[in-house]
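Take a look at the letters that make up each chain.
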Amino acid sequence: MAHVLVVEDDPFVRSALIRHLTDAAHTVRSVGTALEALREVAQLRFDVVILDLGLPDLDGAEALKMLRGLTQVPVIVATARDDEREIVRLLNDGADDYLVKPFSVDHLAARMAAVLRRWDGGRGAVREREEVLRVGGLAVDPRRRTAELDGRPLELTRREFDLLAHLAGRPGEVIARRELLTEVWRQSYGDDQTIDVHLSWLRRKLGETAARPRYLHTLRGVGVKLEAPPAPVDGAAPWGGPGSGQPV
């Protein structure tokens, strides 16, 4: 079963969650403030965090961002806010799922099971792999969460790294945008602009553009693929340089 951190300041709700999760054979620790939650994840390993947004010391959305600076553990946000734009923002900021209060314990159990399945069968499993993913001059280490291009370290945000690692795990394969939303952003809905913005940032760090792609290729209406650029013809300069046939 899972090691769960419950971050909830309401003592009644907290007690109910602890009781239910313990009865389901999970190991549970609980805190009532954001700062306590940050201390817990900095010191202990958890499989999932259930994060209330209405905390007394810090807004839960800010707490979520701070948690993401410390750990990649799945976070299920519990919120009374049912505004779609707010929920999308939370998912983009690093939440793996959300529950709108009030919710049943069965609903929580189902969401936890789904998040843990994705974590164990998807990104969590990838992070445990020892091998470095190599595509041309690109090297991505999912376990250490580092990436290099031609030996030069890339400074990537969490989302940029997750997107790059997901694509690098299946080089040359066109990945549908719906899959990227589900597997990278952990949301079942959203617009293509979210993906396009992150692709634009990632392209900039890879030294390319949508008009002159090297590694990242977008197939309009289909998806995105990452593949190694073709080797330069003998006597030709690398892409973008003099003699490459590409405008500088």
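Right above here is the structure, for reference.
Residues numbered from 1 in each chain as written. Predicted model: local features only at pLDDT ≥ 70, side-chain atom pairs only at ≥ 80, totals over all residues. Heavy atoms only, no water.

(A) Local environment of the side chain of Arg 203. Here Arg 203 shows up in helix H9 (residues 192-206). In this structure Arg 203 is buried but unpaired, with Glu 208 as the nearest side chain of opposite charge at 4.1 Å. Not counting residues up to four positions away in its chain, the partners in contact with Arg 203 are Glu 208, Thr 209, Ala 210, Leu 216, His 217 and Thr 218. (Helix = DSSP H or I, 4+ residues; strand = E, 2+ residues; numbered from the N terminus. Buried < 20%, exposed > 50% of the residue type's maximum accessible area, 1.4 Å probe, protein only. Lys, Arg positive; Asp, Glu negative; His and termini not counted. Salt bridge = Lys/Arg side-chain N within 4 Å of Asp/Glu carboxyl O. Contact = heavy atoms within 4.5 Å.)

(B) Representation of a nonpolar patch on the surface in the model. Taken together, the side chains of Val 174, Leu 219 and Val 222 present a nonpolar region at the surface, about 200 Å² in accessible area. Tracing the sequence through the fold places Val 174 in the loop between helix H7 (158-168) and strand E10 (175-176). The exposure class of Val 174 is partly exposed, given its relative accessible area of 32%. (Patch = residues over 30% accessible without salt bridge, like charges linked within 9 Å, V, L, I, M, F, W, Y side chains within 5 Å. Areas by Shrake-Rupley, 256 points an atom, 1.4 Å probe, with all protein chains shown as cover.)

(C) How the structure looks around H9. Helix length check: H9 (15 residues) gives 21 Å between terminal C-alpha atoms against 21 Å at 1.5 Å per residue, within 8%. Taken residue by residue, H9 has Thr 194, Ile 195, His 198, Leu 199, Leu 202, Arg 203 and Leu 206 as its buried positions. Seen end-on, H9 carries its buried residues on one side only, within an arc spanning 160 degrees. With respect to the buried face of H9, the exposed residues turned more than 90 degrees away are Gln 193 and Arg 204. (Expected span 1.5 Å × (residues − 1). Arc of directions from axis to C-beta.)

(D) Highlighting the sheet that holds strand E9 (residues 152-153). One open sheet holds the 4 strands; their spatial order is E6-E7-E8-E9, and the pairing between them is antiparallel. Two strands bound the open sheet, and with one partner strand each, they are strand E6 (133-135) and E9. Sheet topology note: the strand E7 (residues 138-141)/strand E8 (residues 146-149) ladder contains 4 bridges and is antiparallel. By the bridge assignment, Asp 141 is partnered in E8 with Thr 146. Where H7 meets the sheet, its contacts fall on E6, E7 and E8, and the angle it forms with E7 comes to roughly 110 degrees. (Pairing = 2+ DSSP bridges. Axes fitted to C-alpha atoms, helices over the stretch in contact; angles between N-to-C directions.)

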